[in-house]
Amino acid sequence: MRSRIMFKNIILTGFMGVGKTSIGTRLSSDLGFIFVDTDELIEADQKTTIAEIFAQKGEPYFRDVEARIIRTVLKNENQVVSTGGGAVIRDENRKVFKEAGLVVCLMARPEVIFERIKHETHRPLLRVPDPMAKIRDLLESRAKFYSQADLIIDTSEKSIDEALREIKDKVRYARC
Ligand code: S3P
């Protein structure tokens, strides 16, 4: 089937561990778009890791850098842009997302997120005694922002291939 891509970019939002990077990488190559991960650009810009930025400069500083990177990246087109799980909390970021393309939010149940991230150590917000409670709290406080996406895809019970197929089916005729 011939695809009709009607938008400038695809912006992937959603919580940590929902599959933005793995799905985004595949999606970009299937669509012939460039893949961009804003967390990677933040680390390159700051010449250090996200964990170090949080530890040395704090979350508000990180959010300022994140907003600047998002503004810069989304001046370009033909990209699949994977955004950090907390990027949606800033009004200005959500506005930039909407103006720059189709916003696709990947979701997963808290238990699934926990299983996927429990052996990882690079996410400062989840380096807490009770990561499961933190996941639930953050998901609840961010739900109103994630729900503003143009498309919402639950990846809880899906393989990367299945999630990819669903996104491509829905994205093919989407307009924004
Ligand atoms: C964050 C998610 C992370 C990263 C940072 C903060 C969040 O990105 O931006 O650790 O606030 O949810 P991923 O969602 O790509 O892990």
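A brief report on the enclosed structure follows. (Residues numbered from 1 in each chain as written. Predicted model: local features only at pLDDT ≥ 70, side-chain atom pairs only at ≥ 80, totals over all residues. Heavy atoms only, no water.)

**Looking at the pairing of strand β4 (residues 102–107)**
Moving on, step 1. With respect to burial, β4 is a largely interior element, five of its six residues being buried.
Moving on, step 2. Across four bridges, the pairing between strand β1 (residues 9–13) and β4 is parallel. Bridging from a neighbouring strand, I10 pairs with L102 of β4.
Moving on, step 3. Where β4 and strand β5 (residues 151–154) come together, four bridges link them in parallel fashion. Counterpart to M107 in the pairing with β5 is D154. (Buried < 20%, exposed > 50% of the residue type's maximum accessible area, 1.4 Å probe, protein only. Helix = DSSP H or I, 4+ residues; strand = E, 2+ residues; numbered from the N terminus. Pairing = 2+ DSSP bridges.)

**Some points on the nonpolar core**
Moving on, step 1. One finds I10, F15, L74, F97, V104, I113 and V171 to be the most contacted residues of the largest nonpolar core, which totals 52 residues.
Moving on, step 2. Other than its neighbours up to four places away in sequence, L74 contacts N9, I11, Q79, V81, V96, F97 and A100. (Core = buried A, V, L, I, M, F, W, Y, C linked by side-chain atoms within 4.5 Å. Contact = heavy atoms within 4.5 Å.)

**Observations regarding the site of the ligand**
Moving on, step 1. Taken together, 13 residues surround the ligand, and among them K20, D39, R63, R123 and R142 come closest.
Moving on, step 2. For the ligand, an oxygen atom lies 2.7 Å from a polar atom in the side chain of D39.
Moving on, step 3. R63 is positioned with one of its side-chain polar atoms (N or O) 2.6 Å from an oxygen atom of the ligand.
Moving on, step 4. A majority-of-atoms criterion places the ligand in the largest pocket.
Moving on, step 5. For the shell around the ligand, the residue count by class is five nonpolar, three polar and five charged. (Near = heavy atom within 4 Å. Polar contact = N/O pair within 3.5 Å; in protein donor to acceptor, adjacent residues only side chain to side chain. 1 Å grid on protein atoms, 1.4 Å probe; cavity = no way out; pocket = protein on both sides within 12 Å on 5 of 7 lines; lining within 4 Å. Sits in = over half its atoms within 2 Å of the grid points. Nonpolar A, V, L, I, M, F, W, Y, C, P; charged D, E, K, R; others polar.)

**Focus: helix α4 (residues 59–73)**
Moving on, step 1. The end-to-end C-alpha distance of α4, which contains 15 residues, comes to 21 Å, matching closely the 21 Å that a straight helix rising 1.5 Å per residue would cover.
Moving on, step 2. Looking at α4, one finds that the buried residues are F62, R63, V65, E66, A67, I69, I70 and V73. (Expected span 1.5 Å × (residues − 1).)

**Let's talk about the packing of aromatic side chains**
Moving on, step 1. Counted by the stated rule, this structure contains one aromatic pair.
Moving on, step 2. Both rings, one in F54 and one in F62, keep their centres 4.8 Å apart while their planes meet at 40°; by these two values the pair is tilted. The pair formed by F54 and F62 is uniform in burial state, with each residue classed as buried. (Phe/Tyr/Trp six-rings, centres within 6.5 Å; stacked < 30°, edge-to-face > 60°.)

**A closer look at the sheet that holds β5**
Moving on, step 1. Within the open sheet, the five strands sit side by side as β2-β3-β1-β4-β5. Their pairing is parallel. Every interior strand has two partners, whereas the edge strands, β2 (34–37) and β5, have only one. Neighbour-to-neighbour, the strand axes of the sheet open up by a mean angle of 20°, direction not taken into account.
Moving on, step 2. Packing of helix α8 (residues 160–172) onto the sheet brings it into contact with β1, β4 and β5, and relative to β5 it is tilted by some 165°. (Axes fitted to C-alpha atoms, helices over the stretch in contact; angles between N-to-C directions.)

**Here we look at the layout of surface pockets**
Taking a probe equal in size to a water molecule and rolling it over the atoms shows the remaining empty space.
Moving on, step 1. Its volume calculated, the largest pocket comes out at about 500 Å³.
Moving on, step 2. As for the largest pocket, its lining consists of 27 residues, of which M16, D39, G84, H122 and R123 are closest to the centre.
Moving on, step 3. Among the elements of the structure, α1 (20–31), α2 (38–46), α3 (50–57) and α4 are those that each provide at least two residues to the lining of the largest pocket.
Moving on, step 4. Classifying every residue of the lining of the largest pocket by side-chain character gives eight nonpolar, eleven polar and eight charged. (Points joined across faces, edges and corners; volume = space filled by probe spheres on them.)

**Some words on the pattern of salt bridges**
Moving on, step 1. One pass over the structure, following the stated rule, counts 18 salt bridges.
Moving on, step 2. Taking the shortest distance from any N to any O, the salt bridge between R71 and E92 comes out at 3.2 Å. Placement of the pair is R71 in helix α4 and E92 in helix α5 (residues 91–100), with a sequence separation of 21 residues.
Moving on, step 3. In this structure, R123 and E120 form a salt bridge, with 2.2 Å as the shortest nitrogen-oxygen distance. (Salt bridge = Lys/Arg side-chain N within 4 Å of Asp/Glu carboxyl O.)

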